[in-house]
Amino acid sequence: MDGYDRPERTVTRVWMVGCGTMGGAMLRQWIASGVLAPGNVDVVNRADRLLPAGVRQARDVPSGALPDLVILAMKPQQLDEVAGRFAERLRGVPALVSILAGVEEHALAARFQAGAIVRAMPNLPVGIGKGVVALDSSSADPALRKAITTVMAALGLVEWVDPAQFDAVTALAGCGPAFLYRFIDALAAAGVAQGLPEDQANRLALATVEGSALLAAAADVPPGTLADRVASPDGSTRKGLDVLDQGQALVALLRATVAASAARNAEMAAEARR
Ligand SMILES: NC(=O)C1=CN([C@@H]2O[C@H](COP(=O)(O)OP(=O)(O)OC[C@H]3O[C@@H](n4cnc5c(N)ncnc54)[C@H](OP(=O)(O)O)[C@@H]3O)[C@@H](O)[C@H]2O)C=CC1
Ligand SMILES: O=C(O)[C@@H]1CCC=N1
């Protein structure tokens, strides 16, 4: 019991529909962290993939009792196909979690009859337990929200967000790793342009981003203050920052980048509405 005389909810048996790049990253970390036992997970995909040992995979959902949780981890464009094939069999599952970008809770509820539906937006570092998982649900009760929070906490930072902000959160955190990886490559390429060997520039750029992120995460001051600490008075960093800050160049570039991703999420939401 949780102190409010309600039974605790636990997530033990899970079915996962689709388990590619993101589903696979989540599953690997859940199993590595002991949150899920491999023998309690069934994956439904179109062809066998390399999955953690002990996880079953098949082309159809298993027969027998429904699990505690079904996770939809295929692409948004595959929603109707998956609903057409599996919605009847999944009817009455206690909880359905979707990681499909853009696809709203009522679009899922129009296709699947589940006790509750939760939208989740992970990002790729969940595979090492250092990701972000944004969550939203209007149908989950407090006990389920707590259970889902516990499961997702093994993947990294968990944030419940306003549904109206889900597309923005997806653009920032879900897509964010891709933007960071581009930045790392661009930093390395800039070093090469200054005469560094390419392999060395790649190592230096990656280690610089890794160390800087770890330091910022541990610091008691914001990243902007750390940037000023790097910039010695009248030194070389300031000259570089002046370029990034000129006309708010970097801010404007990232605003446009995140806005483009958020707009695509909104398009995918519209495509899934009915
Ligand atoms: N990649 C990322 O960083 C993030 C992705 N997401 C979301 O995760 C979801 C998956 O993306 P991602 O992992 O990149 O894509 P992938 O293409 O890597 O994975 C999709 C998976 O779905 C499976 N699949 C496709 N159609 C069906 C079907 N009809 N029945 C069962 N399984 C099916 C594929 O099977 P098969 O293996 O046979 O091809 C594959 O395993 C998307 O909805 C995306 O919005 C969310 C946050 C971040
Ligand atoms: O590119 C995509 O659509 C998904 C959503 C967030 C990251 N990847």
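See the structure printed just above.
This is a predicted model, so every value here is computed, not measured.

A. Up close: the overall build of the protein chain. Of regular secondary structure, the protein chain possesses ten helices and eight strands. Overall size of the protein chain, expressed as C-alpha extent along the three principal axes, is 70 × 40 × 40 Å. By residue count, 40% of the 274 residues in the protein chain fall in the buried class. Of the accessible surface of the protein chain, which amounts to about 15,000 Å², a share of 57% is contributed by carbon and sulfur atoms. For the protein chain, the centre of its 26 positive side-chain charges and the centre of its 28 negative side-chain charges are spaced 5 Å apart.

B. Representation of the site of ligand 1 in the model. Neighbouring ligand 1 are 23 residues; Thr21, Met22, Arg49, Met74 and Glu81 lie closest to it. Alanine 47 is positioned such that a nitrogen or oxygen atom in its backbone is 3.1 Å from an oxygen atom of ligand 1. Arginine 49 has a polar side-chain atom sitting 2.4 Å from an oxygen atom of ligand 1. For the shell around ligand 1, the elements supplying multiple residues, two or more each, are helix H1 (21–32), helix H2 (79–90) and strand E6 (114–122). Class assignment of the residues belonging to the shell around ligand 1 gives a composition of 14 nonpolar, five polar and four charged.

C. Structural view of the site of ligand 2. Taken together, Ala101, Gly174, Cys175 and Met268 form the complete shell of residues around ligand 2. Considering ligand 2 on its own, with 240 Å² of exposed area, one finds that the protein chains cover 49% of that surface. Its residues placed into classes, the shell around ligand 2 shows three nonpolar, one polar and no charged.

D. Spatial organisation of H2. If you check H2, its first and last C-alpha atoms are just 14 Å apart, much less than what twelve residues at 1.5 Å a residue would give, namely 16 Å. The complete set of buried residues in H2 reads Leu79, Val82, Ala83, Phe86, Ala87 and Leu90. On an axial view of H2, the arc spanned by its buried residues comes to 130°, and they lie on one face. Facing away from the buried surface of H2 by more than 90 degrees, the exposed residues are Gly84 and Glu88. Structurally, H2 contributes buried residues whose contacts are with strand E1 (14–17), strand E2 (41–44), strand E4 (69–72), strand E5 (93–98), helix H3 (105–109) and helix H10 (249–272). A positive backbone phi angle near 90° is found at glycine 92, which sits one or two residues after H2.

E. Main features of the packing of aromatic side chains. Tallied over the entire structure, the rule returns zero aromatic pairs. Its end group placed over the ring of tryptophan 160, arginine 145 keeps NZ or CZ at 4.0 Å from the ring centre.

What counts and how
- Residues numbered from 1 in each chain as written.
- Chains lettered and ligands numbered in written order.
- Predicted model: local features only at pLDDT ≥ 70, side-chain atom pairs only at ≥ 80, totals over all residues.
- Heavy atoms only, no water.
- Helix = DSSP H or I, 4+ residues; strand = E, 2+ residues; numbered from the N terminus.
- Buried < 20%, exposed > 50% of the residue type's maximum accessible area, 1.4 Å probe, protein only.
- Areas by Shrake-Rupley, 256 points an atom, 1.4 Å probe, with all protein chains shown as cover.
- Lys, Arg positive; Asp, Glu negative; His and termini not counted.
- Charge placed at Lys NZ, Arg CZ, Asp CG, Glu CD.
- Near = heavy atom within 4 Å.
- Polar contact = N/O pair within 3.5 Å; in protein donor to acceptor, adjacent residues only side chain to side chain.
- Nonpolar A, V, L, I, M, F, W, Y, C, P; charged D, E, K, R; others polar.
- Expected span 1.5 Å × (residues − 1).
- Arc of directions from axis to C-beta.
- Contact = heavy atoms within 4.5 Å.
- Phe/Tyr/Trp six-rings, centres within 6.5 Å; stacked < 30°, edge-to-face > 60°.
- Lys NZ or Arg CZ within 6 Å of the ring centre and 35° of its normal.

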